[in-house]
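# Working through the structure, step by step
Single-letter residue listing:
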Amino acid sequence: MRRDVSDVTPDIVRDLVVVFTEDADWHTRMLRRALEREGLRVLVLSLNDCGFAIGETSHGLLLPGLDGGLPAAAFVRVIAKGTTEQITMRLGVLHALRELGVKVMNDARAIERCVDKSMTSFLIARAGLPTPRTFVREDPSAMQALIDSAPGDTVLKPLFGAQGKGLRRLAPRELLPDAAKVGGVYYLQEFVEGRQHAGLYQDWRVFVIGGRAVAAMVRRSERWITNIHQGAEGEPASLEGPAAEMAVAATAAVGADYAGVDLIQEANGSFAMLEVNSMPAWKGLQKTTETDIAAAMAGHLAGCLQPAPAA
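### Description of the confidence of the model for the chain
Taken as a whole, the chain shows an average pLDDT of 91; of its residues, 94% reach a score of 70 or greater. Within the chain, no element has a lower average pLDDT than strand β13 (residues 233-236), which sits at 90, and none a higher one than strand β6 (residues 103-105), at 98.

Have a look at this one:
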């Protein structure tokens, strides 16, 4: 028999935050402790275990461990890899939570914009922020023509990717890989050499929370791929100046509460935007700064749960 739940208001557990992740790694442990210091309880869940129960629960979602209730907020740390259908369903749960009035950090809209590098580049440029020339198409011959006519090197990036994995630097007229190896979509971005330091490649990572740059580092490597995960070394960087200001603007452009923003300084000293990461790791950055990044995120989330002051 169908249950009538149309007139039932779901219970919101006002002091509970769900952290969506896949394992209790360092980041999850640091975030959990920080949230608990804010007086919040934490439930760690995998989006893989969640879903929809329309007509069964008052809110239409299946959230293990909540007994039909809703959390006050959700923090999205990791969304596991999966099929198109699996990812769509998991993002659907996040969309639904937002529709139900749950504070989601970052919400599905921001995640979708950042996971898709083409949309990130589009929104950055639309916000008036400088970014390298970028082309994204499915047509192999058209994209090969761009490589053949390019005045310099081009970076081929996976449309969905992180930590510098899958990046290729292509010289003019170098052959593109088969379309099947890039998921049928070619994302090409003009290579920016950038200023070097003592013969090392370098770029900037700025961590933005709640419209403010809270930590930053310069990443340096002997290789042009400067991700900490791939062996680069980080040094503290200033939280004032154009890099921090541009990172804050880029985070706003994609609609994120928090983000790890990558920039590169060109030969003339100006900065160009590279990427905005909506589920960034921060362990490497934490080693370079005195700011407790997890505490800053927990503080921002707790602040979002406070009632607005009376007018």
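### Let's talk about the pairing of strand β10 (residues 186-190)
In terms of residue burial, β10 counts as a mostly covered element, since four of its five residues are buried. Examined bridge by bridge, strand β7 (residues 134-137) and β10 share four bridges and lie antiparallel to one another. Looking across to β10, one finds that R137 is bridged to Y186. The pairing of strand β8 (residues 154-157) with β10 spans four bridges and is classified as antiparallel.

### Points about the sheet that holds strand β5 (residues 70-76)
With respect to topology, four strands assemble into an open sheet ordered β2-β1-β5-β6, the strand pairing being parallel. A strand with exactly one partner marks an edge of an open sheet, and here the two such strands are β2 (41-45) and β6. When the angles between neighbouring strand axes are averaged without regard to direction, this sheet yields 25°. Sheet topology places β5 next to β6; three bridges connect them, and they run parallel. Bridge assignment links F75 to a residue of β6, and that residue is M105.

### Some points on the side chain of R220
Looking at where R220 falls in the secondary structure, it is placed in strand β12 (residues 212-221). A distance of 2.7 Å separates the side chain of R220 from the side chain of E235, its partner in a polar contact. Aside from chain neighbours lying at most four places away, what touches R220 is H197, L200, Y201, Q202, A232, E233 and E235.

### Things to note about a positive patch on the surface
Together, R29, R33, K283 and K287 make up a positively charged patch on the protein surface. For R33, the location among the structural elements is in helix α1 (residues 26-37).

### Remarks on the packing of aromatic side chains
The full count for this structure, using the stated rule, is five aromatic pairs. Note on F75 and Y258: the rings are 5.1 Å apart at their centroids and 20° apart in plane angle, and the pair reads as stacked. Of this pair, F75 sits in strand β5 while Y258 is found in strand β14 (residues 258-265), placing the two residues 183 residues apart along the sequence. With a centroid separation of 5.2 Å and 90° between ring planes, the pair formed by W204 and F271 is classed as edge-to-face. Remark: F271 occurs in strand β15 (residues 271-277) and W204 occurs in strand β11 (residues 201-209); sequence separation between them is 67 residues. Note on W204: relative accessible area 12%, which makes it buried. Owing to a relative accessible area of 10%, F271 belongs among the buried residues under this scheme. An aromatic cluster of three or more residues is present, and its members are W26, F75, F207, Y258 and W282. The residue whose ring lies beneath R169 is F191, and the NZ or CZ to ring-centre distance is 3.9 Å.

About the criteria used
Residues take numbers from 1 onward in each chain, read along the sequence in its written order. Per-residue local features are limited, in this predicted model, to residues with pLDDT of at least 70; the limit for side-chain atom pairs, both in listing and counting, is 80 or more; totals at the level of whole chains, interfaces and linings are taken over all residues. Side-chain figures throughout are based on the complete set of non-hydrogen atoms in the structure, without hydrogens or water. Every residue carries a pLDDT, the predictor's confidence in it, which falls somewhere between 0 and 100. In this text, helices come from DSSP runs of H or I with a minimum length of four residues, and strands from runs of E with a minimum of two, each type numbered from the N-terminal end. With a 1.4 Å probe rolled over the protein chains alone, any residue whose accessible area is under 20% of its type maximum counts as buried; one over 50% counts as exposed, and the rest are partly exposed. In this scheme, strands are said to pair when DSSP sees at least two bridges between them. Inter-axis angles, ranging from 0 to 180 degrees, are taken between N-to-C directions of lines fitted to C-alpha atoms, where helices are fitted over the stretch in contact. Under the rule applied, a polar contact is a pair of N or O atoms within 3.5 Å (in protein, one hydrogen donor and one hydrogen acceptor; residues adjacent in sequence only if both atoms are side-chain atoms). Contact definition: two residues touch when any of their heavy atoms are within 4.5 Å. A patch is a set of surface residues, each over 30% in relative accessible area and not in a salt bridge, joined within 9 Å for like charges and within 5 Å for the nonpolar side chains Val, Leu, Ile, Met, Phe, Trp and Tyr. A 1.4 Å probe and the Shrake-Rupley method give the accessible areas. Residues count as covered only by the protein chains that appear here. Think of a salt bridge as a Lys or Arg side-chain nitrogen and an Asp or Glu carboxyl oxygen that are within 4 Å of each other. Working convention for charge: Lys and Arg count positive, Asp and Glu count negative, and His plus the chain ends are omitted. In this description, the location of a charge corresponds to atom NZ of lysine, CZ of arginine, CG of aspartate or CD of glutamate. Two rings belonging to Phe, Tyr or Trp (six-membered ring only in the last case) form a pair when the distance between their centres is within 6.5 Å. Interplanar angles under 30 degrees mark stacking, angles over 60 mark edge-to-face geometry, and anything in between is tilted. Each ring is checked for a lysine NZ or an arginine CZ that lies within 6 Å of its centre and within 35 degrees of its normal; such an atom marks a charge sitting over the ring.

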